[in-house]
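Commentary on secondary and tertiary structure
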Amino acid sequence: MLSFRSSAGRNTFLLLALASLSTACLRVRPPGTPMVTKPLGPGAGGPGRCLVLLLPGRRDILGDYDRHHFPEMARRAGLAADYVEVDAHMGYYRAQTISSRLHEDVVAPALARGVDRVWIVGISMGGLGGILYAREHPEGARGVVALAPYLGDEEPRRVAAAGGLHSYEMGAPRPVADYERELWGWLKRYAAEGSSRPPIYLGLGTTDDLAPADRLLGDVLPAGRMFTEKGGHDWSTWTRLWQDVLDSGVMQKDCAP
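Below, the structure is looked at part by part. Model, not experiment: these values are computed from the prediction.

The rules behind the values
Residues numbered from 1 in each chain as written. Predicted model: local features only at pLDDT ≥ 70, side-chain atom pairs only at ≥ 80, totals over all residues. Heavy atoms only, no water. Helix = DSSP H or I, 4+ residues; strand = E, 2+ residues; numbered from the N terminus. Axes fitted to C-alpha atoms, helices over the stretch in contact; angles between N-to-C directions. Parallel < 35°, antiparallel > 145°, perpendicular 65-115°, else oblique. Contact = heavy atoms within 4.5 Å. Nonpolar A, V, L, I, M, F, W, Y, C, P; charged D, E, K, R; others polar. Buried < 20%, exposed > 50% of the residue type's maximum accessible area, 1.4 Å probe, protein only. Pairing = 2+ DSSP bridges. Right-handed = clockwise from strand over helix to strand, strands pointing away. Core = buried A, V, L, I, M, F, W, Y, C linked by side-chain atoms within 4.5 Å. Salt bridge = Lys/Arg side-chain N within 4 Å of Asp/Glu carboxyl O. Expected span 1.5 Å × (residues − 1). Bend = angle between axes of the 7 residues up to and from the residue.

Mapped onto the fold, Lys-253 is located in helix α11 (residues 250-254). Separated by 173 residues in the primary sequence, Lys-253 and Ala-80 place their C-alpha atoms 9.7 Å from one another.

At a closest axis distance of 9 Å, the pairing of helix α5 (residues 98-112) and helix α6 (residues 125-136) adopts a crossing angle of 80 degrees. Relative to α6, the element α5 is oriented roughly perpendicular. Contacts from Ile-98, Ser-99, Leu-102, His-103 and Val-107 in α5 reach Leu-132, Tyr-133 and Glu-136 in α6. The residue makeup of the contact of α5 with α6, split by class, is five nonpolar, two polar and one charged.

Bringing the pairing of strand β5 (residues 143-147) into the picture now. Across the five residues that make up β5, a large majority, five, are buried. Along β5, one buried face is formed by Gly-143, Val-145 and Leu-147 and the opposite face, lined by Val-144 and Ala-146, is buried too. The pairing of strand β4 (residues 117-123) with β5 spans five bridges and is parallel. Across the sheet, residue Trp-119 finds its bridge partner in β5, namely Gly-143. Viewed along the sheet, the connection from β4 through α6 into β5 turns out right-handed. Relative to strand β6 (residues 200-205), β5 runs parallel, the two being bridged by four bridges. Note that in β6 the partner of Leu-147 across the bridge is Gly-203.

Turning next to the nonpolar core. In this structure, Met-35, Leu-51, Leu-53, Val-86, Ile-98, Leu-102 and Ile-120 are the most contacted members of the largest nonpolar core, which totals 28 residues. The set of elements that each furnish at least two residues to this core consists of β2 (50-55), β3 (81-86), α4 (90-94), α5, β4 and α6. Sequence-distant contacts of Ile-120, defined by excluding residues within four places in its chain, comprise Leu-53, Leu-55, Leu-102, Gly-130, Tyr-133, Ala-141, Gly-143, Val-144 and Val-145. In this structure, Ala-74, Leu-79, Val-121 and Phe-227 belong to the second largest nonpolar core, which totals 27 residues.

Throughout the structure, instances matching the rule amount to 13 salt bridges. Between Asp-64 and Arg-67 there is a salt bridge; the shortest N-O distance is 2.5 Å. Of the two residues, Asp-64 and Arg-67 are both situated in helix α2 (residues 64-67); the distance of three residues between them amounts to about one turn of the helix. The exposure class of Asp-64 is buried, given its relative accessible area of 11%. Arg-67 sits in the partly exposed class, given a relative accessible area of 47%. A salt bridge links Lys-188 to Glu-169; the shortest N-O distance between them is 3.4 Å. Remark: Glu-169 occurs in the loop between α7 (154-161) and α8 (178-192) and Lys-188 occurs in helix α8; sequence separation between them is 19 residues. Classification of Lys-188 as partly exposed rests on a relative accessible area of 21%. A relative accessible area of 60% places Glu-169 in the exposed class.

Bringing α5 into the picture now. Here α5 spans 20 Å end to end across 15 residues, near enough to the 21 Å set by a 1.5 Å rise per residue. At Glu-104, α5 is bent by approximately 40 degrees, the largest bend along its length. Those residues of α5 that fall on the buried side of the exposure criterion are Ile-98, Ser-99, Arg-101, Leu-102, His-103, Asp-105, Val-106, Val-107 and Ala-110. Gly-114 lies just past α5 and shows a positive phi near 115 degrees.

This is how it looks when you write it as structure tokens:
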């Protein structure tokens, strides 16, 4: 997915990813321009400050991060930043505009007004969005925190059968689910090249259905970039994982005045 050099490959990835993430009863809203955002409380203020963008899961709405105290937890942990929820709903993924709209509507304007450090935090579908953004606009993000990201269904089994990402080979393009092959091919290059910008920090719940695929990525990340908690695909687990990331101090160090 993230190796997309062509719009055709990118479109294939996103359409199939959305087919996997969506359900018949889930209404998909059309993507608006510009993206709607919701600032969450006072930040550090002033030029050069750090901005934390919060991307939702597929069933989440604006305000969910605030209701689960993510900004409050970050402020208590000493993270000097502004916090903004982004209404990056499934419609943007279906329209294949998640990365471009996030950059043009949110990140680029922030950088233009003096913000020089942007971190992206996403859960589930939002974790996928953060990784997509990191691939398409590495210059725009200082780091990505992906909590329980969706990373595909079929290809993780191939990666596991190969003995892990280091020994995995992409193979020939396939007519079905080829987006997963492209995703994991890029992740292998990302790990092999020692990419540090933007670094990906991964969190997963040990009983989450997505954990086996997420672990395959976590196993090749540098030490200190994977966090685990007992729990499934739910806010209780994601909240504890967020606290683990905050306790590591990596974002506070980058966002220090």
